[in-house]
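Inside the fold
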Amino acid sequence: MKIPPNIDFFIFDLGNVIIDIDYDFSINELKKILPEHKHDLTAQFFPSQFHKDYEKGEISSEEFRNEVRRLYNEDWTDSQIDHVWNSLLRTIPQERIDLVHRLKFQYGTGILSNTNAIHIEKMAEILQDQNGESSVYSLCQAVFLSHEMGLAKPDLAIYEAVLDEIKIPGKNVLFFDDLAANVEGAKKAGMQSYQITHPRGLVEFFGLI
């Protein structure tokens, strides 16, 4: 396995780094329960302000669901909303889990994700079903989730909070994310960072394919 020099701590995003996500799939699930004349409103689902608020823990899961109902003026059940919301979470290739565990034996490892309580609960189910893991908390030594921190990428404050917690200089930390803005945010905090741009990008980085 190829390890970059001078790295003591590896930090991984969740979406499209650990777990594959598919926004289009989720939008199609939304359309299944939404009257056709409202399908144009599906474009507002993920960019909504209440989504951002939920990721930062500024509203509860109950408030989030009520905002979804209000946006579409539909009296959906919690389970209907949760299904659509979680349907973007797809598969977790075992090779990624194996890689993270392998690194954990010799290096510090962490998760840093913009996420929310509903997704983290579903992630635990997927990890148990697909990989035999109990939750995201079993993957790495440190787990930093936006909704628990009240902060979100790519704001500088979230990276600085992570560095303050792990007590490792940014130059000795390598961060992986699928979004260019989040990679740049980590660089501004002094971290080394790498953008994952295809499904095998993570294992490829470490020379495992």
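Report follows, based on the coordinates. None of these values were measured; they are calculated from a predicted model. (Residues numbered from 1 in each chain as written. Predicted model: local features only at pLDDT ≥ 70, side-chain atom pairs only at ≥ 80, totals over all residues. Heavy atoms only, no water.)

1. What to know about the nonpolar core
Counting residues in hydrophobic clusters, the biggest one holds 48 residues, and the most contacted among them are Phe 12, Ile 18, Phe 45, Phe 64 and Phe 176. Among the elements that take part in this core, helix H6 (residues 117–131) stands out by supplying 5 residues, more than any other. Ignoring sequence-local partners within four residues, the contact set of Phe 45 consists of Ser 26, Ile 27, Leu 30, His 51, Val 68, Tyr 72, Val 84 and Trp 85. With 15 residues, the next largest nonpolar core counts Ala 142, Phe 144, Ile 166 and Ala 186 among its residues. (Core = buried A, V, L, I, M, F, W, Y, C linked by side-chain atoms within 4.5 Å. Buried < 20%, exposed > 50% of the residue type's maximum accessible area, 1.4 Å probe, protein only. Helix = DSSP H or I, 4+ residues; strand = E, 2+ residues; numbered from the N terminus. Contact = heavy atoms within 4.5 Å.)

2. Topic: the sheet that holds strand S2 (residues 108–113)
Here we have 5 strands laid out as an open sheet, ordered S3-S2-S1-S4-S5, and parallel in their pairing. Two strands bound the open sheet, and with one partner strand each, they are strand S3 (142–145) and strand S5 (192–195). Across the sheet, the mean angle separating the axes of adjacent strands is 20° when strand polarity is ignored. Here 4 bridges tie strand S1 (residues 9–12) to strand S4 (residues 173–177), and the two strands are oriented parallel to one another. Each residue of the ladder has a partner; that of Phe 10, found in S4, is Leu 174. On top of the sheet, helix H9 (residues 180–188) reaches S4 and S5; it is set at about 170° to S5, its chief contact. (Pairing = 2+ DSSP bridges. Axes fitted to C-alpha atoms, helices over the stretch in contact; angles between N-to-C directions.)

3. Notes on helix H5 (residues 94–104)
Listing the buried residues of H5 in full gives Arg 96, Ile 97, Leu 99, Val 100 and Leu 103. The buried residues of H5 all sit within an arc of 160° when viewed along its axis, so they share a single face. Where H5 is buried, its residues meet S1, S2, H6 and helix H10 (201–205). (Arc of directions from axis to C-beta.)

4. Notes on the pattern of salt bridges
A full pass over the atoms with the stated rule returns 12 salt bridges. In this structure, the salt-bridge partner of Glu 67 is Arg 70, at a minimum N-O distance of 2.8 Å. Within this pair, Glu 67 and its partner Arg 70 are both found in helix H3 (residues 61–72), separated by 3 residues, close to a single helical turn. The partly exposed category is assigned to Glu 67, whose relative accessible area is 28%. When salt bridges with common partners are traced through the structure, they connect Asp 13, Lys 153 and Asp 177 into a single cluster. (Salt bridge = Lys/Arg side-chain N within 4 Å of Asp/Glu carboxyl O.)

5. Some remarks on the environment of Gln 44
As for its placement among the helices and strands, Gln 44 is situated in the loop between helix H1 (23–33) and helix H2 (49–55). Residue Gln 44 is classed as partly exposed on the basis of its relative accessible area of 39%. Linking Gln 44 and Leu 71, residues 27 residues apart in sequence, is a C-alpha distance of 8.6 Å. Contacts of Gln 44, omitting those with residues within four sequence positions, involve Leu 71 and Tyr 72.

6. Side note on the packing of aromatic side chains
All told, the structure shown has 18 aromatic pairs when counted by the stated rule. When the centroid spacing of 6.1 Å and the interplanar angle of 70° are considered together, the rings of Phe 176 and Tyr 194 count as edge-to-face. Of this pair, Phe 176 sits in strand S4 while Tyr 194 sits in strand S5, placing them 18 residues apart in sequence. The exposure class assigned to Tyr 194 is partly exposed, which follows from its relative accessible area of 32%. Consider the rings of Phe 205 and Phe 206, whose centres lie 5.1 Å apart with planes at 75°: the pair is edge-to-face. These aromatic residues form a ring-pair network of at least three members: Tyr 23, Phe 45, Phe 46, Phe 50, Tyr 54, Phe 64, Tyr 72, Trp 76 and Trp 85. (Phe/Tyr/Trp six-rings, centres within 6.5 Å; stacked < 30°, edge-to-face > 60°.)

7. Here's the deal with the side chain of Ser 26
By the secondary structure assignment, Ser 26 is in helix H1. Among all residues touching Ser 26, those that are not within four sequence positions of it are Phe 45, Phe 46, Val 84, Trp 85, Ser 87 and Leu 88.

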